[in-house]
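# Secondary and tertiary structure notes
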Amino acid sequence: MDREKFTLKANEAIEQSVRLAGDHGNQEVHPLHLAQSIVQDKENVVHASIKKIGIDPLAVASDIEQAVKKLPKVQGADQYISKDLKKVLDKARDVAQQFKDEYISTEHLFLAILDIKNGAAAIIQSSGISRERFLEALMQIRGSQTITDPNPEDKMQ
């Protein structure tokens, strides 16, 4: 995984997901951890897009956290990325290419989570966020902008 191809916010979300897994005693870092870290960050376009749909992002993050609390706990073992999270990261690269973006951002990661059918996708969808609704809200915010540098959020302000 080439972390240089991720935006600053995407890298922060990945790092935060590892911390969340550690805080919860989870050896595997799952898409659930990544989804929670993305949704609860008030400064990314995913958070803004969910709000635009009319859904409280922090309520979605809370629902995800409840699922995280049910994951197996291990003490003293090294953490690693789960197979499902690896699939999400790979899919996010494909999503970025579809958008013709040069960097993978949080919206690409979030769309990849929704595309890879896993526990995180089910929780997000049960909150009323379908891929289509999210994409529509995202495009209203983002418009036709492409991501051409690692810190696009500064340009959207």
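One structure accompanies this document, and this report is about it. A quick note: this is a predicted structure, and the numbers were derived from the prediction, not measured.

### As for helix 7 (residues 119-126)
In an α-helix, one full turn covers 3.6 residues, which means residues spaced three or four apart are oriented alike. If you check which residues of helix 7 are buried, you get Ala120, Ala121, Ile123 and Ile124. Down the axis of helix 7, the buried side of the element spans an arc of 165 degrees, and every buried residue falls inside it. Residues of helix 7 that are buried make contact with helix 2 (31-40), helix 4 (57-68) and helix 6 (106-115). Once helix 7 finishes, Gly128 follows within two positions and takes phi at roughly 100 degrees, a positive value.

### Some points on the environment of Lys51
Positionally, Lys51 belongs in helix 3 (residues 45-53). Look at Lys51 and you get exposed, because its relative accessible area is 52%. As a C-alpha pair, Lys51 and Arg131 span 80 residues in sequence and 14 Å in three-dimensional space.

### Remarks on the side chain of Asn44
Along the chain, the position of Asn44 falls in the loop between helix 2 and helix 3. With relative accessibility at 4%, the residue Asn44 sits in the buried group. Here the side chain of Asn44 touches Ile38 through a polar contact of 2.9 Å, landing on its backbone oxygen. A polar contact of 3.0 Å, which involves the side chain of Asn44, links it to the backbone nitrogen of Val46.

Scoring rules and cut-offs
- Residues numbered from 1 in each chain as written.
- Predicted model: local features only at pLDDT ≥ 70, side-chain atom pairs only at ≥ 80, totals over all residues.
- Heavy atoms only, no water.
- Buried < 20%, exposed > 50% of the residue type's maximum accessible area, 1.4 Å probe, protein only.
- Helix = DSSP H or I, 4+ residues; strand = E, 2+ residues; numbered from the N terminus.
- Arc of directions from axis to C-beta.
- Contact = heavy atoms within 4.5 Å.
- Polar contact = N/O pair within 3.5 Å; in protein donor to acceptor, adjacent residues only side chain to side chain.

By themselves these figures say nothing about function.
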